Amino acid sequence: SNRTFTMVKPDAFGKGFTGGILDQIIQAGFRIVALKVTKLTKEKAGEFYAVHSERPFYDELTTFMSSGPIVAAILEKDNAVEDFRTLIGATNPAQAAEGTIRKKYAASVGENAVHGSDSDENAQIEGSFFFSAFEQF
Ligand code: GTP
Ligand code: MG
């Protein structure tokens, strides 16, 4: 597929990094297919991250992800999932490559500024979690 899904997480949104992050995404060659500001409830965050429900950080993760507004977006580019994960860098910003979005904007492994889908299948599922079919044109 040529699409992926991203979120600007509450830490980055709250610090005013949304514009800089979206600019870097667009400059890297991604087209914005769908975009919205929204806020997850703890329950919706738990649903989104259900795959991590057995992890020790699940409660911290879902509390954080429901702590403030986020930006959700579907992005389009050749090789979107892999290229976007390269653009954002490692989960832990201390290990993220120079120039990556997490290196520039993330504070810690928990508050790591952005989400990027890890597979084509999950990109489709996650995009449809936030956007109806007619918004994904
Ligand atoms: P996402 O793009 O957000 O899915 O990040 P990822 O794919 O790089 O990491 P992963 O899917 O393994 O983990 C999902 C999210 O859980 C991470 O982005 C972090 O926000 C959070 N997370 C992962 N490991 C830890 C941890 O050890 N502590 C805390 N507090 N959060 C973690
Ligand atoms: Mg992940």
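Residues numbered from 1 in each chain as written. Chains lettered and ligands numbered in written order. Predicted model: local features only at pLDDT ≥ 70, side-chain atom pairs only at ≥ 80, totals over all residues.

The name an unreviewed UniProt entry gives the protein is Nucleoside diphosphate kinase, with Polluticaenibacter yanchengensis as the organism. Listed under Subcellular location (unreviewed entry) in UniProt, the entry text for the protein is "Cytoplasm". Its UniProt record, at the heading Subunit (unreviewed entry), says of the protein: "Homotetramer." (UniProt positions renumbered as here; feature names shortened; annotations may be inferred.)

When the UniProt feature table is mapped onto this chain, "domain: Nucleoside diphosphate kinase-like" (unreviewed entry) is found at residues 1-135. Summarising residues 1-135: 41% helix, 18% strand, and an end-to-end C-alpha distance of 18 Å. (Helix = DSSP H or I, 4+ residues; strand = E, 2+ residues; numbered from the N terminus.)

What follows is about the site of ligand 1. The environment of ligand 1 is made up of His52, Phe57, Glu60, Leu61, Thr91, Val109, Gly110, Asn112, His115, Gly116 and Asp118. The set of elements that each furnish at least two residues to the shell around ligand 1 consists of α4 (58-65) and β4 (114-116). Of the residues assigned to the shell around ligand 1, the class counts are three nonpolar, six polar and two charged. (Near = placed C-beta within 6 Å. Nonpolar A, V, L, I, M, F, W, Y, C, P; charged D, E, K, R; others polar.)

Our focus in this paragraph is the nonpolar core. Formed by 29 residues in total, the largest nonpolar core has its most connected members in Ile21 and Val114. Elements with a minimum of two residues in this core: β1 (3-8), α2 (18-27), α3 (42-48), β3 (70-76), α5 (80-88), α6 (101-105) and α7 (120-130). Apart from the residues within four sequence positions on either side, isoleucine 21 is in contact with Val8, Ala12, Ile101, Tyr105 and Val114. (Core = buried A, V, L, I, M, F, W, Y, C linked by C-beta atoms within 7 Å. Buried ≥ 20, exposed ≤ 12 C-beta atoms within 10 Å, placed from the backbone. Contact = placed C-beta atoms within 7 Å.)

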